[in-house]
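# What the coordinates show
This is what each chain is made of:
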Amino acid sequence: MTNTISREIQLVSRPKGMPTADNFTIAQTELKPLQEGQVLVRNLYISVDPYMRGRMNEGKSYVPPFKLGKALEGGAVGEVIESRAQELKPGDVVTSQYGWREYFIAAPKDLHQVNREIQPLSVYLGVLGITGMTAWVGLNLVEVKAGDVIFVSGAAGAVGNVAGQLAKLRGCHVIGSAGSGSKVKFLLEECGFDRAFDYKVGPVLEQLNRAAPDGIDVYFDNVGGETLEAALSALRVHGRIIACGGISGYNEEKPQPGPSNLFNMVTKRLTMKGLIVRDWLDRQSEFEQEVGGYFQAGKLKNKETVVVGIEGAVGAFIGLFEGKNVGKMVVKLD
Ligand code: NAP
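Not measured: the values here are computed from a predicted model. (Residues numbered from 1 in each chain as written. Predicted model: local features only at pLDDT ≥ 70, side-chain atom pairs only at ≥ 80, totals over all residues. Heavy atoms only, no water.)

Attention now moves to the UniProt feature "domain: Enoyl reductase (ER)" (unreviewed entry) in the protein chain. Following the UniProt record, one finds the feature "domain: Enoyl reductase (ER)" (unreviewed entry) at residues 20-331. The distance separating the terminal C-alpha atoms of residues 20-331 is 18 Å; by composition the span is 26% helix and 25% strand. (UniProt positions renumbered as here; feature names shortened; annotations may be inferred. Helix = DSSP H or I, 4+ residues; strand = E, 2+ residues; numbered from the N terminus.)

Reported here for the second largest pocket is a volume of approximately 420 Å³. Lining of the second largest pocket is provided by 23 residues; of these, G224, G225, S248, Q256 and P257 occupy positions nearest its centre. Sorting elements by how many residues they give to the lining of the second largest pocket places helix α6 (residues 225-234) first, with six residues. (1 Å grid on protein atoms, 1.4 Å probe; cavity = no way out; pocket = protein on both sides within 12 Å on 5 of 7 lines; lining within 4 Å. Points joined across faces, edges and corners; volume = space filled by probe spheres on them.)

Attention now goes to the site of the ligand. Taken together, 26 residues surround the ligand, and among them V159, K183, Y199, L275 and N325 come closest. Contact distances for the ligand include 2.8 Å between an oxygen atom and a backbone N or O atom of G179. One nitrogen or oxygen atom from the side chain of Y199 is found 2.5 Å from an oxygen atom belonging to the ligand. Taking 910 Å² as the accessible area of the ligand by itself, protein coverage stands at 89%. A breakdown of the residues in the shell around the ligand according to their chemical character gives 15 nonpolar, ten polar and one charged. (Near = heavy atom within 4 Å. Polar contact = N/O pair within 3.5 Å; in protein donor to acceptor, adjacent residues only side chain to side chain. Areas by Shrake-Rupley, 256 points an atom, 1.4 Å probe, with all protein chains shown as cover. Nonpolar A, V, L, I, M, F, W, Y, C, P; charged D, E, K, R; others polar.)

The next subject is the environment of A106. With respect to the helices and strands, A106 occurs in strand β6 (residues 103-106). A relative accessible area of 3% places A106 in the buried class. In this structure, the C-alpha to C-alpha distance between A106 and V39, residues 67 residues apart in sequence, is 5.6 Å. Not counting chain neighbours up to four residues away, the residues in contact with A106 comprise G37, Q38, V39, Y98 and L111. (Buried < 20%, exposed > 50% of the residue type's maximum accessible area, 1.4 Å probe, protein only. Contact = heavy atoms within 4.5 Å.)

Bringing the packing of aromatic side chains into the picture now. One pass over the full model with this rule turns up seven aromatic pairs. Ring centres of Y98 and F104 lie 4.5 Å apart, and the angle between their planes is 10°; this geometry places the pair in the stacked category. Overall, the relative accessible area of 23% leaves Y98 in the partly exposed class. Aromatic side chains F317 and F321 sit 5.3 Å apart centroid to centroid with 85° between the ring planes, which places their arrangement in the edge-to-face category. The same class applies to F317 and to F321, which are both buried. Joined through ring pairs, the aromatic side chains of F24, W100, F317 and F321 make up one cluster. (Phe/Tyr/Trp six-rings, centres within 6.5 Å; stacked < 30°, edge-to-face > 60°.)

A few words on the packing of helix α2 (residues 130-141) against helix α8 (residues 284-296). At their nearest, the axes of α2 and α8 sit 10 Å apart, and the two run at 95° to each other. Relative to α8, the element α2 is oriented roughly perpendicular. Taken together, the residues of α8 that come into contact with α2 (itself represented by G132, M133 and W136) are Q284, E286, F287, E290 and V291. (Axes fitted to C-alpha atoms, helices over the stretch in contact; angles between N-to-C directions. Parallel < 35°, antiparallel > 145°, perpendicular 65-115°, else oblique.)

A word on the packing of α2 against helix α3 (residues 158-169). For the pair α2 and α3, interaxial distance at closest approach is 8 Å and the crossing angle is 50°. If you check the angle between α2 and α3, you find them oblique. Considering the relative orientation of α2 and α3, their crossing is right-handed. The residues of α3 that touch α2, namely those facing T131, G132, T134, A135, W136 and L139, are A158, V159, V162, A163, L166 and A167. (Left-handed = near helix turned anticlockwise from the far one by under 90°.)

As structure tokens, this is what we get:
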């Protein structure tokens, strides 16, 4: 039997500022024959995530940096096509962290089997995957409850739209910011947000004050920068901040100055909690039960932007920083 040839996206140089196509290459590798206890997986969809930008830099962080000349690691959903392990058979569908490659070999303990009847299977990278879990963990982290006025930034993106939808299901009043008129329309008409605005058309604080004249109880932060500063001003006494991401600074070569109005933390007795979703994997089945239930009952929308072909992965990644996606950005491997 011939060995499987797999294409993969490798990092060849560390970006300075905004990544360019020259920082990456597409390479071909030949997989070794399967050993006892291993399976061969063909990826169907790969996940494209802003946090990968941080791993392209050198230096210590909460995850190791990507290695030059190696495939980019990251989430994917794929199908077992050959098995020498009892736990999995051909046709089973699994999620993994082996990243931007067409095929890979793994042991079942490093894979998470999912229900292949739920379609599209890319949902396991979206609302039923790490994306949805990030939104769910964030809301639990600061105990978001009925009646809270919650403001979500990056609201039309993967985590943001799910955070807003889940907050609506909890009985909150939900406000979102996003980077275009069509994204605002998506939030209001498809995701059930109560108010939404385009942060590019005017100062965030002015728009947030108009959307929430009596202030906000919770801020779900995906972007940092000016939007975090506006939220600190708009939060009420005892308000809470979910520190999930700060995409506005990911391509900056120097750390950005902090918000000028941080003293609101003191005067308003605010709480700000940071989250790394991977710390919460022991609650994955609880998440799957609750959020999977909403999804199957048709109460939760899985919005995604699908780019076809592994050749499109780098463009899809750069597109995250240009606002090209609505919902979860995924690459479908053909
Ligand atoms: P995403 O929001 O789907 O994609 C990125 C979006 O960010 C773009 O569509 C764009 O939308 C917006 N954006 C890009 N540059 C921006 C800028 N300079 N200012 C404001 N908005 C900008 O990505 P995601 O996967 O859902 O991630 C959202 C955030 O959560 C990211 O910060 C990510 O790092 C973080 N995250 C954290 C965890 C965790 O464990 N803490 C896990 C997953 C994700 P617009 O058109 O609206 O600008």
